Amino acid sequence: MNFGLSEEQALIVETTRAFVENELYPHEQTVERSGHLPMELIREVQKKAIAAGLYAANMPAEVGGAGLDTPTWLLYEKELGRANYALHWTCVARPSNILLAGTDAQKKKYLYPCIRGETWDCLAMTEPGAGSDLRGMKASAVEKGGDWVLNGTKHFISHADIAGFAIVFMATGEEETPRGKRKKITAFFVDKGTPGFTVRDGYRNVSHRGYTNSVLEFDDCRLPKDQVLGEVHRGFEVANSWLGATRLQVGATCLGRADRALAHAIDYAAQREQFGQRIGKFQGVSFKLADMATELKAAELMVMEAGWKYDAGTVTDQDMAMAKLKATEMLAFVADEAIQIHGGMGLMDDLPLERIWRDARVERIWEGTSEIQRHIISRALLRAVGG
Ligand SMILES: Cc1cc2nc3c(=O)[nH]c(=O)nc-3n(C[C@H](O)[C@H](O)[C@H](O)COP(=O)(O)OP(=O)(O)OC[C@H]3O[C@@H](n4cnc5c(N)ncnc54)[C@H](O)[C@@H]3O)c2cc1C
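Quick caveat, the model's predicted, so the values are computed rather than measured. (Residues numbered from 1 in each chain as written. Predicted model: local features only at pLDDT ≥ 70, side-chain atom pairs only at ≥ 80, totals over all residues. Heavy atoms only, no water.)

S.K.: Any chance you could break down the side chain of Thr119 for me, citing the residues and the numbers?
M.R.: Here Thr119 is to be found in the loop between α5 (104-115) and β1 (121-124). For Thr119, a relative accessible area of 15% translates into the label buried. A polar contact of 3.1 Å, which involves the side chain of Thr119, links it to the backbone nitrogen of Gly164. Excluding residues within four positions of it along the chain, Thr119 makes contact with Pro113, Cys114, Ala163, Gly164 and Phe165. (Helix = DSSP H or I, 4+ residues; strand = E, 2+ residues; numbered from the N terminus. Buried < 20%, exposed > 50% of the residue type's maximum accessible area, 1.4 Å probe, protein only. Polar contact = N/O pair within 3.5 Å; in protein donor to acceptor, adjacent residues only side chain to side chain. Contact = heavy atoms within 4.5 Å.)

In structure tokens form, the structure reads like this:
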């Protein structure tokens, strides 16, 4: 087993870090204080990201991406994750890998424009009444006269305001299973401007300022059959390939932010003096640093191991759940301790720590809550012994 970085990986880390520090950090205060990421700024930074070869780098080479293996992609995500989320996600977009499941015509219409930076995708599963239990969704699509007619509401849909289209999951029937009735789900491409499809402003969020969420409403929204992504009634099969990867992506971005918070904490502990000595000399402070560094390392190993297994084809849902759980909970711990080490200054927005602390909160909720990750892990443990 080799834990070192290859030359190529080291170069990608260095290039991405330099881009994040030089092109994203300078805009963080503006976005954090206004809560808004202006389109002129998006376009300015996006152009530089494309020129640097960092845009849509998560995509395979054959569709115009960087063709990175999963561990290298996660290293890139870690570096991007250091910055304000709205800035790095929007200006250095990573189109959803679910778009790779489209037909050639769908790839031409939806995937390639995202890779070229002409538009963004958004993905709509969650509803006001269906979060963790997505199969409980009420929004539905019914076949009528050769078309599909969509009705219902989705909420919490990230960056749907700037997306050119949505990938929407709808209930399209029910099937009998040994555990009772289960909804069948189908995924659809829905273009902005389609009659019956409305995008409304969502909620104000304590985490990730400038990163918006929207409410999507479908009122007899009629779509031709070729707007189905993947197979009819097999929407979750399409989604599953995407979900695992995004859990690792969440984990990797948490590593970057934790690393940034830890670096601030180490510097401060080495410089700040109280009671006539540097606060890092107090074990009450230095042991915090030791715990933060240890937790970060453990999370990093878990995320990278799951990434390595992803490519080897041996990754399990349990591996990805553990990596997401550990990295997101580690970030909450590290962010909190970094603030504690800074005392009152930690809470001021002159430093990125209060932001990292606020941003850490959503990571334990989206892409499957910590409880759902624990459910996946414990289910695998118990099933192995018939429990
Ligand atoms: C900022 C933001 C952006 C988002 N972006 C998107 C997006 O782009 N697209 C999209 O589709 N969704 C998106 N989501 C939705 C996100 O994935 C859900 O919030 C998440 O899955 C949890 O669902 P919920 O909020 O409805 O909570 P609920 O599912 O109602 O959970 C409430 C509580 O009950 C617990 N719980 C639920 N079931 C169990 C169980 N079986 N065992 C133990 N505990 C349980 C949960 O862990 C949680 O603590 C976003 C959410 C946020 C906050």
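S.K.: Before we move on, could you go through the domain arrangement of the chain and cite the residues and values that matter?
M.R.: Each assigned domain of the chain is listed with its residue range as follows: domain 1 (7-94), domain 2 (121-240) and domain 3 (244-383). Taking the mean C-alpha position of each, domain 2 and domain 3 sit 32 Å from one another. A buried area of about 740 Å², summed over both sides, lies between domain 2 and domain 3, and 47% of it is on carbon and sulfur atoms. Our count for the domain 2 to domain 3 interface comes out at zero salt bridges. One can count six residue pairs in polar contact (both at pLDDT 80 or more) joining domain 2 with domain 3. (Domains from an automatic or database assignment. Buried area = accessible area lost by both parts, 1.4 Å probe. Salt bridge = Lys/Arg side-chain N within 4 Å of Asp/Glu carboxyl O.)

S.K.: If you had to explain the nonpolar core to someone new, which residues and values would you point to?
M.R.: Core analysis: the biggest nonpolar cluster contains 93 residues, and Tyr76, Val92, Ile167, Phe169 and Ile341 have the highest contact counts within it. In terms of residues, this core owes the most to one element, helix α6 (residues 235-271), which gives 17 residues. When sequence neighbours within four positions are dropped, the list of residues in contact with Val92 reads Phe19, Leu24, Ala49, Leu54, Tyr55, Tyr76, Leu80 and Leu87. Within the second largest apolar cluster, 20 residues are counted, among which are Cys122, Trp148, Val168 and Phe197. (Core = buried A, V, L, I, M, F, W, Y, C linked by side-chain atoms within 4.5 Å.)

S.K.: Hey, could you go over the pattern of salt bridges for me, with residue numbers and the actual values?
M.R.: For the structure shown, the criterion picks out 30 salt bridges. Between Arg355 and Glu32 there is a salt bridge, with the nearest N and O atoms lying 3.8 Å from each other. Pair noted here: Arg355 is in helix α9 (residues 353-363) and Glu32 is in helix α1 (residues 7-34), with a separation of 323 residues, a long-range link. The salt bridge involving Asp319 is made with Lys309; its shortest N-O contact spans 3.1 Å. Taken together, the positions of Asp319 in helix α8 (residues 317-342) and Lys309 in helix α7 (residues 283-312) put the pair ten residues apart, joining distant regions of the chain.

S.K.: Give me the lowdown on the site of the ligand, citing residues and values where you can.
M.R.: In the vicinity of the ligand lie 17 residues, with Thr126, Ser132, Phe156, Thr369 and Glu371 positioned nearest. The separation between a nitrogen atom of the ligand and a polar main-chain atom of Leu123 is 2.8 Å. A distance of 2.6 Å is found between an oxygen atom of the ligand and a side-chain nitrogen or oxygen belonging to Thr369. Against a free-state accessible area of 980 Å², the protein chains account for coverage of 63% of the ligand. At the level of secondary structure, the elements contributing two or more residues to the shell around the ligand comprise β1, β3 (147-158) and α10 (370-383). Top contributing element to the shell around the ligand by residue count: β3, with three residues. (Near = heavy atom within 4 Å. Areas by Shrake-Rupley, 256 points an atom, 1.4 Å probe, with all protein chains shown as cover.)

S.K.: Describe the packing of aromatic side chains, listing the residues and the values that go with them.
M.R.: Evaluated as defined, the whole model comprises eleven aromatic pairs. Geometrically, the ring pair formed by Tyr85 and Trp366 is tilted, given 5.4 Å between the ring centres and 50 degrees between the ring planes. In this pair, Tyr85 is assigned in helix α4 (residues 85-91) and Trp366 in the loop between α9 and α10, connecting sequence segments 281 residues apart. For Trp366, a relative accessible area of 16% translates into the label buried. Each ring, one from Phe197 and one from Phe218, has its centre 5.0 Å from the other, and the planes form 10 degrees; the classification is stacked. Linking Phe197 in strand β6 (residues 197-201) with Phe218 in strand β7 (residues 213-224), this pair joins segments that are 21 residues apart in sequence. One aromatic cluster in this structure is built from Tyr85, Trp89, Tyr211 and Trp366. Over the aromatic face of Tyr25 sits the side chain of Arg260, whose NZ or CZ is 3.6 Å from the ring centroid. (Phe/Tyr/Trp six-rings, centres within 6.5 Å; stacked < 30°, edge-to-face > 60°. Lys NZ or Arg CZ within 6 Å of the ring centre and 35° of its normal.)

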